[in-house]
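Survey of secondary and tertiary structure
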Amino acid sequence: AQSVSQHNHHVILSEAASLELGCNYSYGGTVNLFWYVQYPGQHLQLLLKYFSGDPLVKGIKGFEAEFIKSKFSFNLRKPSVQWSDTAEYFCAVRVSGGSYIPTFGRGTSLIVHP
Amino acid sequence: DAGVTQSPTHLIKTRGQQVTLRCSPKSGHDTVSWYQQALGQGPQFIFQYYEEEERQRGNFPDRFSGHQFPNYSSELNVNALLLGDSALYLCASSLDGANTGELFFGEGSRLTVL
């Protein structure tokens, strides 16, 4: 079965700082990768996803993630964070195709100070 | 366009009791997945319902059961509650066959077991 590791559990940044959140997965086959975000008091929502093609994917609100197959990684990045990016970020992986269920990492809590 | 709705939003039970949580999927979606999110952890997959049947199940005991109705809404039942069942229970809907991998989450039902 696949598993996901998010190494940064808590990240605190000042506005305009750059962000990179780590995500590594373990599965030998083809996978689909996701980043979900949960803003305070809101539901989980999709930030971006990778299925195939260009390993650099762009999502909403200026976020991007790069799939590095050799490193089993799918790190989330943003060049300049804003106070409104304060949220929980979850990486998820699922076996490609069919009705496979995504497995979530434990999440990273990001606090951005104005 | 109605998103995923869950009820109740909060509830308190005592050990040994039983609880039923409810979920209405996003309009047009036919598949419902349930997740348990303990404090400081990522969502853990409980089970998925499609065509009124449990299609996949995670590593949860038989105390956890569910149901899907013809209108695609779903219930999660937990019997013989334990303190460790205290968590946020998330419902996520999707459209089978779309293969987008994206899950649409509700805001969850927070269960406290005393």
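In short, a report on the structure. (Residues numbered from 1 in each chain as written. Chains lettered and ligands numbered in written order. Predicted model: local features only at pLDDT ≥ 70, side-chain atom pairs only at ≥ 80, totals over all residues. Heavy atoms only, no water.)

Some remarks on the interface of chain B and chain A
To keep it simple, the criterion reads: In what follows, a contact means two residues having at least one pair of non-hydrogen atoms within 4.5 Å. Throughout, the accessible surface (probe 1.4 Å) given up by two parts as they are put together, summed over both, is called the buried area. Any Lys or Arg side-chain nitrogen found within 4 Å of a carboxyl oxygen on Asp or Glu counts as a salt bridge. A 3.5 Å cut-off defines polar contacts: any pair of N or O atoms within that distance qualifies, except that in protein one atom must be a possible hydrogen donor and the other a possible acceptor, and neighbouring residues in sequence count only when both atoms are side-chain atoms. A helix here means a DSSP run of H or I that spans at least four residues, while a strand means a run of E at least two residues long, and both kinds are numbered starting from the N terminus.
On the side of chain A, 20 residues touch chain B, which itself brings 20 residues to the contact. Roughly 1,600 Å² is buried in total at the junction of chain B and chain A, and carbon and sulfur atoms are behind 52% of that figure. Between chain B and chain A we count 0 salt bridges in total. Applying the counting criterion to the chain B and chain A interface returns 3 residue pairs in polar contact (both at pLDDT 80 or more). Of all the elements in the fold, those that place two or more residues in the side of chain B that touches chain A are β4 (31-37), β5 (44-50) and β6 (53-57) of chain B.

Remarks on the side chain of Ser73 of chain B
Residue and element names in this part refer to chain B. The topology assignment puts Ser73 in the loop between β7 (64-68) and β8 (74-78). Here Asn71 takes part through its side chain, which lies 2.7 Å from a polar atom of the side chain of Ser73. The contact partners of Ser73, leaving out residues within four places of it in the chain, are Cys23, Ser24, Pro25, His67 and Gln68.

Some points on unusual backbone geometry
Residue and element names in this part refer to chain B. Between Ser7 and Pro8 the backbone carries a cis peptide bond, its omega angle lying at -10 degrees. For Pro8, the location among the structural elements is in the loop between β1 (5-7) and β2 (10-13). Of note, Tyr72 is a non-glycine position whose phi angle comes to about 80 degrees, a positive value. Mapped onto the secondary structure, Tyr72 falls in the loop between β7 and β8.

Some remarks on the state of the cysteines
This is how it is decided: Only a pair of cysteine sulfur atoms within 2.5 Å qualifies as a disulfide here. Here the term buried applies to any residue with accessible area under 20% of the maximum for its type, exposed to any over 50%, and partly exposed to those in between, with areas from a 1.4 Å probe on protein chains only.
Scanning all chains against the criterion turns up 2 disulfides over all chains. Linked covalently through their sulfurs, Cys23 of chain A and Cys91 of chain A form a disulfide whose S-S length is 1.9 Å. Between Cys23 of chain A and Cys91 of chain A, the S-S dihedral sits near -65 degrees, and the bridge is therefore left-handed. Highlighted residues: Cys23 of chain A in the loop between β3 (19-21) and β4 (24-26) and Cys91 of chain A in strand β10 (residues 87-95), separated in sequence by 68 residues. As far as the burial class goes, Cys23 of chain A and Cys91 of chain A line up, both buried. Note that Cys23 of chain B is cross-linked by a disulfide to Cys91 of chain B, the S-S spacing being 1.8 Å. Note on the Cys23 of chain B and Cys91 of chain B pair: the S-S dihedral is about -60 degrees, so by sign convention the disulfide is left-handed.

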